[in-house]
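# Structural description and commentary
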Amino acid sequence: MSKVRKAVIPAAVLGTRFLPATKTLPKEMLPLVDKPAIQYVVEEAVAAGLTDILIITGRNKRSIEDHFDRNFELEYYLDRDGKHEMLKDVEASSNLADIHYVRQRDPLGLGHAVSVAREHVGDESFAVMLPDDIMADGSMLLRSMLDHHDRYGRSVLALLEVAADEISSYGCVEPIPFHEPLVEVRRIIEKPSLDEAPSNLAVFGRYVFTSDIFDALDRIEPGRGGELQLTDAIALLLEDQTVYGRKFDEGRHDIGQKLGFLRANIELALDRDDLGGDVAEMLRDIVRKRGL
Ligand code: G1P
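Quick look at the structure, then.

Quick notes on the rules
Residues numbered from 1 in each chain as written. Predicted model: local features only at pLDDT ≥ 70, side-chain atom pairs only at ≥ 80, totals over all residues. Heavy atoms only, no water. 1 Å grid on protein atoms, 1.4 Å probe; cavity = no way out; pocket = protein on both sides within 12 Å on 5 of 7 lines; lining within 4 Å. Points joined across faces, edges and corners; volume = space filled by probe spheres on them. Helix = DSSP H or I, 4+ residues; strand = E, 2+ residues; numbered from the N terminus. Core = buried A, V, L, I, M, F, W, Y, C linked by side-chain atoms within 4.5 Å. Buried < 20%, exposed > 50% of the residue type's maximum accessible area, 1.4 Å probe, protein only. Contact = heavy atoms within 4.5 Å. Axes fitted to C-alpha atoms, helices over the stretch in contact; angles between N-to-C directions. Parallel < 35°, antiparallel > 145°, perpendicular 65-115°, else oblique. Left-handed = near helix turned anticlockwise from the far one by under 90°. Nonpolar A, V, L, I, M, F, W, Y, C, P; charged D, E, K, R; others polar. Phe/Tyr/Trp six-rings, centres within 6.5 Å; stacked < 30°, edge-to-face > 60°. Lys NZ or Arg CZ within 6 Å of the ring centre and 35° of its normal. Salt bridge = Lys/Arg side-chain N within 4 Å of Asp/Glu carboxyl O. Near = heavy atom within 4 Å. Polar contact = N/O pair within 3.5 Å; in protein donor to acceptor, adjacent residues only side chain to side chain. Sits in = over half its atoms within 2 Å of the grid points. Pairing = 2+ DSSP bridges.

## Concerning the layout of surface pockets
Its volume calculated, the largest pocket comes out at about 1300 Å³. What lines the largest pocket is a set of 44 residues, and nearest its centre among them are Arg17, Lys27, Leu130, Asp132 and Lys191. At the level of elements, α5 (110-115), β11 (201-209), α9 (230-240) and β13 (252-254) are the ones that each hand at least two residues to the lining of the largest pocket. Among the elements that take part in the lining of the largest pocket, β11 stands out by supplying three residues, more than any other.

The following block contains the structure:
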């Protein structure tokens, strides 16, 4: 088991791509099948052995805290009505881990959101997990990143090969070959144009950082989009210490945009024993009826 105990989940940004659904509902609370997206991320952290979760929230995000808290009234009625399976699910969501919250008062960017975690994290290494990126891999990727961090004592980023025309939506690294599936990161750049991109290796929303990232975060200036970018802090960290990338290619869902969100809902439902068969039949029926 890794020495790393803490995970930081930045959940403060406005979900403008999902308006009007996200006018009052945090986008992290949008359901994937029957669970809010952020619960998948917390469960992934817990399954990888992380026991202390810090969620960075903002205004309008209070329902995230309520979700991971007890709901005595609901529990009372489910118990009274003999709905024990549902009661188990409801209780489980409030017993997942030791969950803490801190508010990012101004949405100044992902780098700023992570810097708000400094007080809580202290001088330990920690994971950062972006809730737009959902993993359905039994926490294999995160576990492997934690193992590599423990072995080399350095930060590790998750890396995914994407199509050339997608790279400008991500942080992008220039890799130096190391022991597969690890690479050493020579350079990192936030959302490069196709011409600027040094490779098609995109940074995916899982990171394990040494606490040195906080000093780097203190030194960054507004970057791409005028925001304080985590990627720019990683670029500074690289000047002082090796940073590794862990390549992977399976199990990810990008729910930051509509199509990815819809697809994740369908695929996660297909994965479920209680729903998969019916959902497959439903999809065949839709295709047939619409002549797709
Ligand atoms: C953020 C990071 C980017 C990373 C991406 C992964 O971008 O800034 O480097 O590749 O997450 O999902 P965002 O998607 O928040 O714009």
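## What about the nonpolar core?
Of all hydrophobic cores here, the largest spans 48 residues; its most connected members are Ile9, Leu32, Ile38, Leu50, Ile53 and Ile55. Here this core takes six residues from helix α1 (residues 37-47), the largest share from any one element. Grouped together as the second largest cluster of nonpolar side chains are 33 residues, Ile56, Val183, Leu230 and Leu237 included.

## Structural notes on the environment of Met135
Relative to the helices and strands, Met135 resides in strand β7 (residues 133-135). Separated by 114 residues in sequence, Met135 and Ala21 place their C-alpha atoms 23 Å apart. Among residues more than four places away in sequence, those in contact with Met135 are Glu44, Leu141, Phe204, Arg206, Phe248, Glu250, Gly251 and Arg252.

## Focus: the packing of helix α3 (residues 72-80) against helix α4 (residues 84-93)
With their axes 8 Å apart at the nearest point, α3 and α4 run at an angle of 160 degrees to one another. Taken together, the axes of α3 and α4 lie roughly antiparallel to each other. Note on packing geometry: the crossing formed by α3 with α4 is left-handed. Contacts between α3 and α4 pair Leu74, Glu75, Leu78 and Asp79 from the former with His84, Met86, Leu87, Val90 and Glu91 from the latter. Taken together, the residues that form the contact of α3 with α4 break down as five nonpolar, one polar and three charged.

## Things to note about the packing of aromatic side chains
Inspection of every chain in the model, using the stated rule, returns nine aromatic pairs. Aromatic side chains Phe126 and Phe209 sit 6.0 Å apart centroid to centroid with 45 degrees between the ring planes, which places their arrangement in the tilted category. In this pair, Phe126 is assigned in strand β6 (residues 126-129) and Phe209 in strand β11, connecting sequence segments 83 residues apart. As far as burial versus exposure is concerned, Phe126 and Phe209 are alike and both buried. Between the aromatic rings of Phe126 and Phe214, the centroid separation amounts to 5.1 Å while the plane-to-plane angle is 5 degrees, which identifies the pairing as stacked. Of this pair, Phe126 sits in strand β6 while Phe214 sits in helix α8 (residues 213-219), and the two are 88 residues apart along the sequence. Here Phe126 and Phe214 have matching classes, each one buried. Grouped by ring-pair contacts, the aromatic residues Phe126, Tyr207, Phe209 and Phe214 constitute a single cluster. Over the ring of Tyr40 we find Lys35; its NZ or CZ atom is 4.6 Å from the centre of that ring.

## Describing the pattern of salt bridges
Applying the stated rule across the entire model yields 24 salt bridges. Where Asp285 meets Arg288, a salt bridge forms, and the shortest distance between an N and an O atom there is 3.2 Å. Of this pair, Asp285 and Arg288 are both found in helix α11 (residues 276-290), three residues apart, which corresponds to roughly one turn of the helix. Classification of Arg288 by relative accessible area gives exposed; the value is 55%. Linked by salt bridges that have partners in common, Glu281, Arg284, Asp285, Arg288 and Lys289 make up one network.

## A short note on the site of the ligand
Every residue near the ligand is listed here: Leu110, Leu130, Asp133, Tyr170, Gly171, Glu190, Lys191, Val203, Gly205, Tyr207, Gln229 and Thr231. In this structure, Asp133 approaches the ligand through a side-chain N or O atom, which is 2.7 Å from an oxygen atom. Among the detected pockets, the ligand sits in the largest pocket. Examining the composition of the shell around the ligand, we find that three residues originate from one element, β11, more than from any other. The residue inventory of the shell around the ligand, partitioned by class, reads five nonpolar, four polar and three charged.

## Looking at the pairing of strand β4 (residues 52-57)
The element β4 is largely enclosed, with a buried count of six among its six residues. Burial along β4 is two-sided: the face carrying Asp52, Leu54 and Ile56 and the face carrying Ile53, Ile55 and Thr57 are both buried. Inspection of the sheet shows strand β1 (residues 6-10) paired to β4 by five bridges, in the parallel sense. Bridging from a neighbouring strand, Ala7 pairs with Ile53 of β4.

## Looking at unusual backbone geometry
Along the chain, Leu19 connects to Pro20 via a cis peptide bond; the corresponding omega equals 5 degrees. Within the fold, Pro20 resides in the loop between β1 and β2 (31-32). With an omega of 0 degrees, the peptide bond running from Glu180 to Pro181 counts as cis. Even without a glycine there, the phi angle at Val33 is positive, about 60 degrees. Structurally, the position occupied by Val33 is in the loop between β2 and β3 (35-36). The partly exposed category is assigned to Val33, whose relative accessible area is 25%. Unusually for a residue other than glycine, Ser139 sits at a positive phi of about 65 degrees. Position of Ser139 relative to the elements: it lies in the loop between β7 and α7 (140-152). Overall, Ser139 belongs to the buried group, its relative accessible area being 3%.

That's the geometry; what it means functionally is another story.
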